[in-house]
Amino acid sequence: MGNRIREIRKSMGLSMKELAKKVGVSTITIHRIEKGEVSPSVAVLSEIAHQLNYPITSFFPDKNDLKIVRADKQPIAESPSLELRLLVPKGIIREDISISLGKAKLGECISMHTNSGAEITYIIKGNCIFVYDGKNYELNEGDIIFFRSTRPHAVITNQPMEFFSVYVRNGI
């Protein structure tokens with residue numbers, strides 16, 4: 001449990017001192033909880049969960065090392081030019097990683113935007129022009145691209161395309 005609290009705290013950019021102040025306990029108490037030296041009371045654990053904006057259950061390790069995400073449970077985001085199936089939602093591997101399978105129609109399917117983190121995309125079928133930071137790159141079937149998504153990027157397909165993407169919110 002302590003390791004998970006530390007992982008979440010660090011991903012939020014909080015120091016032990018800052019979390020301790022928010023929770024109303026000493027820094028040494030947070031340190032001991034994260035190291036597994038002490039078990040917090042339910043009240044303290046509840047306040048830690050509240051301050052980190054996570055459910056208490058997220059602090060406990062999942063005893064099930066097998067996860068199946070059924071087809072009908074995979075969320076699909078759709079627009080007129082893009083279908084994005086979320087194969088592995090954030091939290092299955094880690095809170096900052098998601099994996100998706102996309103199908104794009106002809107034309108601009110992803111308009112110019114930025115995100116935090118980084119992305120890795122494999123082109124399964126078709127081809128496109130990947131616009132990154134003002135430059136155009138042609139991507140074809142079988143190509144893999146890695147990029148920091150903090151830079152402006154867009155996708156214009158030359159023909160219908162399928163792709164597989166890994167998105168890491170905190171970068172790689």
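Before any of the text, the structure's been laid out above.
Below you will find a few notes about this structure. Since the structure is predicted, the reported quantities are computational estimates derived from the model, not experimental observations.

Let us now look at the state of the cysteines. Evaluated as defined, the whole model comprises zero disulfides. Cys109 takes part in no disulfide bond, and the closest cysteine sulfur, belonging to Cys128, lies 7.1 Å away. Note on Cys109: relative accessible area 8%, which makes it buried.

The next thing to look at is the packing of aromatic side chains. Within this structure, the stated rule accounts for three aromatic pairs. When the ring of Phe130 is compared with that of Tyr132, the centres are 5.9 Å apart and the planes differ by 20 degrees; the resulting orientation is stacked. Assigned by exposure class, Phe130 and Tyr132 land together as buried. With a centroid separation of 5.9 Å and an interplanar angle of 70 degrees, the aromatic rings of Tyr132 and Phe147 are classed as edge-to-face. With Tyr132 in strand E6 (residues 127-132) and Phe147 in strand E8 (residues 144-148), the pair connects residues that are 15 residues apart, well separated along the chain. The burial state of Tyr132 is the same as that of Phe147; both residues are buried.

Cut-offs applied
Residues numbered from 1 in each chain as written. Predicted model: local features only at pLDDT ≥ 70, side-chain atom pairs only at ≥ 80, totals over all residues. Heavy atoms only, no water. Disulfide = S-S within 2.5 Å. Buried < 20%, exposed > 50% of the residue type's maximum accessible area, 1.4 Å probe, protein only. Phe/Tyr/Trp six-rings, centres within 6.5 Å; stacked < 30°, edge-to-face > 60°. Helix = DSSP H or I, 4+ residues; strand = E, 2+ residues; numbered from the N terminus.

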